[in-house]
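What follows is the residue order along each chain.
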Amino acid sequence: MSYKSRLRIAIQKSGRLSQESQSLLKQCGMKINLSEQRLIAYAENMPIDLLRVRDDDIPGLVFDGVVDLGIIGENVLEEAELSRIAANEVAKYKMLRRLDFGDCRLSLAVPTDSDYQGVSSLNEMRIATSYPHLLKRFMTQHGINFKSCLLNGSVEVATRAGLADAICDLVSTGTTLEANGLREVDVIYRSKACLIQRVGEIDTEKQALIERLMVRIQGVTQARE
Ligand code: PRT
Ligand code: ZN
C-alpha cells in the first residue's frame, strides 16, 4: 500500500477522550507508539496513521476530507456542524457508530438559590456557553429569546462573576456545578464519543480496512459490555 493510501484517523491528543480513543485502537490490534509528543503516530502493523490534535479540530478535518476517520464527542461534532451550516459552509460526514465512552450531557444551570420554573424562566436572560449553536437550537425549539455570552473556558464561574444569569455547559458527575453554586435544571443534549468518516471517494483497500476496523470495534465493544 502506498503512503497515500494509508488510513488517517484523527484522535484527541490529550484530554478526556484521548486515553480511551487510543486504547480502543490498540484493542483493535493496532501497534502504535504514542509515547512521543508527535502530531502523527504511525501504526507499525497496519497502514494507519494517527493524527493527534485538539478535539475542536477533528470535525473540520473530517468535513474537509483531510482525514478519513475521526473519534470525537458528539457535542463538539454537532456544534461544529451547526456552526458551518450557519456560515453556509459544507459540513458533511458519515456517522459510523457511537462509542462506549465520553458520556456527558450539555445542560442549563442556574444559581442554586434562583427561582426556575422551566426554560421560560430564562426568557431574555444572558446565558454563558461554549456551545452557542446547540444552545440556540434548543432555545429556538422552545420559543425562548436569550442573550449569549460566549466563553471557551471557565463557563461555570460566569454567573458568580456577574457575566451571565445562567450557564449552558457539559456535565458529567455534577460536582463542578455544585462547587460553583449552580443547579442543573435542563438537559439540552446527551453526548457520547463517536466514530465518523469523511464523505467522498475512497480507494477500495482503504474502505476494506475501515470495514475490518469496524468489525473489530464491534467485537471490542461487545466484550466490554
Ligand atoms: O484540548 P482539547 O481542546 O482537545 O480538549 P478540551 O479541553 O476542549 O476537551 P476535554 O478533554 O475536556 O473534553 C473532551 C470531550 O470529553 C468533551 O467534548 C465531551 O464530549 C467529553 N466529556 C465527557 C466531557 C466531560 N465528560 C466533562 N465532564 N467534557 C468536559 N467535561 C467537563 C465539564 O464541563 C466540567 O467542567 O468536566 C468538568 C467536570 O465535570 P463534572 O460534572 O464531573 O464535575
Ligand atoms: Zn477542545
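Reference entry: report on the structure contained in this document. In this text, all values refer to a predicted model and were calculated from it rather than measured experimentally.

**A few points about the pattern of salt bridges**
Oppositely charged side chains can pair when the atoms bearing their charge come close.
Okay, so step 1: Per the stated rule, a full pass over the model turns up 11 salt bridges.
Okay, so step 2: Among the ionic pairs, Asp-56 bridges to Arg-54, the shortest N-O distance being 3.6 Å.
Okay, so step 3: Accessibility expressed as a relative area gives 46% for Asp-56, which makes it partly exposed.
Okay, so step 4: Taking the shortest distance from any N to any O, the salt bridge between Asp-100 and Arg-224 comes out at 2.8 Å.

**Remarks on the coordination of the zinc ion (ligand 2)**
Okay, so step 1: Surrounding the zinc ion (ligand 2) are the protein donor atoms Asp-55 (OD) and Asp-56 (OD), at 2.0 to 2.1 Å.
Okay, so step 2: In this structure, the zinc ion (ligand 2) is surrounded by four donor atoms whose angles at the metal cover 78 to 169°, and the resulting shape is irregular.

**So, the sheet that holds strand β3 (residues 48-53)**
Okay, so step 1: Strand order in the open sheet formed by six strands is β2-β3-β1-β4-β11-β5, with mixed pairing between adjacent strands. Each of the sheet's edge strands pairs with one partner strand only, and the pair in question is β2 (40-42) and β5 (94-98). On average, adjacent strands in this sheet sit at an angle of 25° to one another, irrespective of strand direction.
Okay, so step 2: Bridge count for β5 against strand β11 (residues 193-197) is four bridges, and the pairing is antiparallel.

**Section: the sheet that holds strand β9 (residues 166-171)**
Okay, so step 1: Strand order across the open sheet formed by five strands is β8-β7-β9-β6-β10, with mixed pairing between neighbours. Strands at the two margins of the open sheet, each flanked by one partner only, are β8 (146-150) and β10 (182-191). The average angle at which neighbouring strand axes cross in this sheet is 30°, direction not considered.
Okay, so step 2: Bridge analysis of strand β6 (residues 104-111) against β9 gives five bridges, and the strand direction is antiparallel. From the neighbouring strand, Arg-105 faces β9, where its bridge partner is Val-171.
Okay, so step 3: Sheet strands touched by helix α3 (residues 74-86): β9 and β10. Its angle to β10, the strand with the most contacts, is close to 75°.

Conventions and cut-offs
Residues numbered from 1 in each chain as written. Chains lettered and ligands numbered in written order. Predicted model: local features only at pLDDT ≥ 70, side-chain atom pairs only at ≥ 80, totals over all residues. Heavy atoms only, no water. Salt bridge = Lys/Arg side-chain N within 4 Å of Asp/Glu carboxyl O. Buried < 20%, exposed > 50% of the residue type's maximum accessible area, 1.4 Å probe, protein only. Donors = N, O, S within 2.8 Å, 3.2 Å for Na, K, Ca; no water. Tetrahedral: all angles 85-135°; square planar, octahedral: opposite > 155°, others 65-115°. Pairing = 2+ DSSP bridges. Helix = DSSP H or I, 4+ residues; strand = E, 2+ residues; numbered from the N terminus. Axes fitted to C-alpha atoms, helices over the stretch in contact; angles between N-to-C directions. Contact = heavy atoms within 4.5 Å.

The analysis is restricted to geometry; functional conclusions fall outside its scope.
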